[in-house]
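If you want the building blocks of each chain, they are given just below.
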Amino acid sequence: MAAFSKYVTGKNSSIAGGILLVLYLLKRRRGTQKRNGKKGGSEVVQNEKDGKKDRAAVDKVFFGRIFQILRIMVPQFFSMETGYLALIAAMLVARTYCDVWMIQNGTMIESGIISRDSALFKKHFYSYIKVIPAIALVNNFLKLGLFELKLRFRERLTKNLYDQYLQGFTYYKMGNLDNRIANPDQLLTQDVEKFCNSVVDLYSNLSKPLLDICLYIYKLTTAIGAQGPTVMMTYLLVSGMFLTRMRRPMGKMTVTEQRYEGEYRFVNSRLITNSEEIAFYNGNEREKLTIHSTFKKLVDHLHKFIFFRFSMGFVDSMIAKYLATVVGYLVVSRPFLTPGHSRHLTSTHSELLEDYYQSGRMLLRLSQALGRIVLAGREMTRLSGFTSRITELMKVLKDLNSGKYVRTMVSQNEKDSDASQKLVLVPGSGNVINRDNIIKFDHTPLATPNGDVLIKDLSFEVSSGTNVLVCGPNGCGKSSLFRVLGELWPLFGGSLTKPERGKLFYVPQRPYMTLGSLRDQVIYPDTYEDQQRKGISDQVLKEYLDNVQLGHILDREGSWDCVQDWMDVLSGGEKQRMAMARLFYHKPQFAILDECTSAVSVDVEDFIYSHCRTVGITLFTVSHRKSLWKHHEFYLHMDGRGNYEFKPITEETVEFGS
């Protein structure tokens, strides 16, 4: 052992540690390449399987994802985020030096007590009292930096994701066109918060131990030689490789946990959203079964996760805490228990105690820092799960904003047995032409996003001033037609000529009432500044309300700025009339009225349709009322079997409805 010890110098130890680290990284890289190289069978299916298996691992892909997100959270070098990162780093350095000073000063206090040296005791005791405020300030500055950095990271990432999520109709497409993400609300709120907290905690939990290791290795190497720190670093590498392999399932389990949490949250919000319909059906028992079933999936998974963490916690505690301490005791005791060791040949009892306390505590702190580094791997594995979910959301948002979506498509071989009639559907292959005062479908297939063809070849033309009544049985494609018109659904072929989005307005059967004032209900989605820019006064808004017989609401509330829960305050008929007042405010070229006067009396309905013609709004109406045929010049009838007819309404036209 003595012959070996003479070669264990600080330089040789550093070289050996570097070689071990390089070998460890090369081994991990070969393992990652080997896993990524296993491919076979169908490319699409196999890639999905590989993605699900490896997407939550701590590997090269994980670090690439982290850097991609960090570029969003820290957009430039000179920013507040960089300042807080620097503050945290400075406070970590200061706290490490405080720890070293506390060890040295504490050793001298104990030395003064043991040696009954009152002067030595008082000197270092008063020094300790003097630095207490500075140490407390360092600790709280560190906490301030961590909390602020978490909040700023969350703010940056949340704003970036919502900018993409609310760009165009992406929020609609994610839930209705693309089926890769089931619960975007879970990702945009809870997962983003957990990710940001985990990143900042990992930065703190890695930086402090790494700094401690560097400082204590330097101090211990100058005090007891390089052999002790070398043994501890070797132990770190070996135990780290072992525990990293053991923790592999944790990332995937984190992804599954968040998915089940999202599903559980969804079924609860769904119950609140549809509470009235469920109450009419007396469906509380059925909904309870659904919620309990979803919650049971989450609980069963959490039980497995808890047991896995218990098992890993046991292994982590043994290897990263207690065995590291054992190794530390063996290393620090060697100079004291080896007879004739050159370090303590002439040391007195007091010097032995002082050396043991100082070196022993530093080595103990080194072992604790090594243990925290090893345990940080557990947090990194869990972080890989959140990172996977956030980057998946970012990828889907990017795809949707570029016009791409992924959805299970209906097989046309099953829908059509005649191969000659087979229709090849390519989402987005149609051509949308923006032109004022005309709507024209030219050989356009009407199909749902999953490829279910409703009408193979739709062709008709409507000019401004020509109202069209759209009729047919449920499921024939009336709503699908309007979704294509509103550019919510992709065009699968042909061409569509229409005004730009802002000149086409949709009024549904159950109008949406926004959060805000009475004015906001009329001008939505405009703001008060938009209203002023258009030069529309509050008196004109009052006329719009009077036109739909809602002027009494302004008198009742007393002010345009009155804020209420308008979804509850207004009745069904009042909400429909409010939507028509909104239509009069925007004055689009074309308006789609989807059963939007079903709760309105016939006389008010007649006035609304007459006023639309007066102000030049051309209407596409879905309604089953016979009384509305007189307000239209053409009708578009779909039979639900792929056929349609577009004809003028004449005296010979057979009107149907109620």
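Predicted model, so just to flag it, every value in this text is computed and none were measured.

Participant: Is there a simple way to explain the packing of helix α5 (residues 80–114) against helix α6 (residues 118–165) in this structure?
Facilitator: When two helices pack together, their arrangement is captured by the angle between the axes and the distance separating the axes. α6 packs onto α5 with a crossing angle of 160° between their chain directions and a minimal axis gap of 8 Å. Taken together, α5 and α6 sit at an angle that is classed as roughly antiparallel. Of the two elements, α5 crosses α6, and the hand of that crossing is left-handed. Of the residues belonging to the contact of α5 with α6, the class tally is 26 nonpolar, 7 polar and 5 charged.

Participant: Please clarify how the UniProt feature "transmembrane region" (unreviewed entry) in the chain should be interpreted in this entry.
Facilitator: Here the UniProt-annotated "transmembrane region" (unreviewed entry) positions come out as residues 6–26, 125–142 and 216–243. For the annotated span residues 125–142, helix accounts for 100% and strand for 0% of the residues, and the straight-line distance between the end C-alpha atoms is 26 Å.

Participant: Mind showing me how you'd approach the nonpolar core here?
Facilitator: Inside soluble globular proteins, nonpolar side chains tend to come together where they are buried. Among the nonpolar cores identified, the biggest contains 70 residues, and Leu157, Phe195, Phe441, Leu481 and Phe620 are the most heavily contacted of them. No other element matches the 10 residues that helix α13 (residues 349–401) contributes to this core. Residue contacts for Leu481: discarding those within four places in its chain leaves Phe441, Leu446, Leu458, Phe460, Leu636 and Met638. Core analysis: the second largest hydrophobic core is formed by 35 residues, Leu518, Ile523, Val548 and Phe584 among them.

Participant: I would appreciate a short explanation of the sheet that holds strand β4 (residues 468–471) in the present structure.
Facilitator: By definition, the strands of a sheet pair up through backbone hydrogen bonds, in either a parallel or an antiparallel sense. Taken in spatial order, the 6 strands of this open sheet run β6-β9-β10-β4-β11-β12, and their pairing is mixed. Both edges of this open sheet fall to β6 (504–507) and β12 (644–648), since each of them pairs with a single strand only. Averaged over all pairs of adjacent strands, the angle between strand axes in this sheet comes to 15°, irrespective of strand direction. Direction of pairing for strand β11 (residues 634–638) relative to β12: antiparallel, over a ladder of 5 bridges. Residue pairing in the sheet places Leu636 in a bridge with Phe646 of β12.

Thresholds applied
Residues numbered from 1 in each chain as written. Predicted model: local features only at pLDDT ≥ 70, side-chain atom pairs only at ≥ 80, totals over all residues. Heavy atoms only, no water. Axes fitted to C-alpha atoms, helices over the stretch in contact; angles between N-to-C directions. Helix = DSSP H or I, 4+ residues; strand = E, 2+ residues; numbered from the N terminus. Parallel < 35°, antiparallel > 145°, perpendicular 65-115°, else oblique. Left-handed = near helix turned anticlockwise from the far one by under 90°. Nonpolar A, V, L, I, M, F, W, Y, C, P; charged D, E, K, R; others polar. UniProt positions renumbered as here; feature names shortened; annotations may be inferred. Core = buried A, V, L, I, M, F, W, Y, C linked by side-chain atoms within 4.5 Å. Buried < 20%, exposed > 50% of the residue type's maximum accessible area, 1.4 Å probe, protein only. Contact = heavy atoms within 4.5 Å. Pairing = 2+ DSSP bridges.

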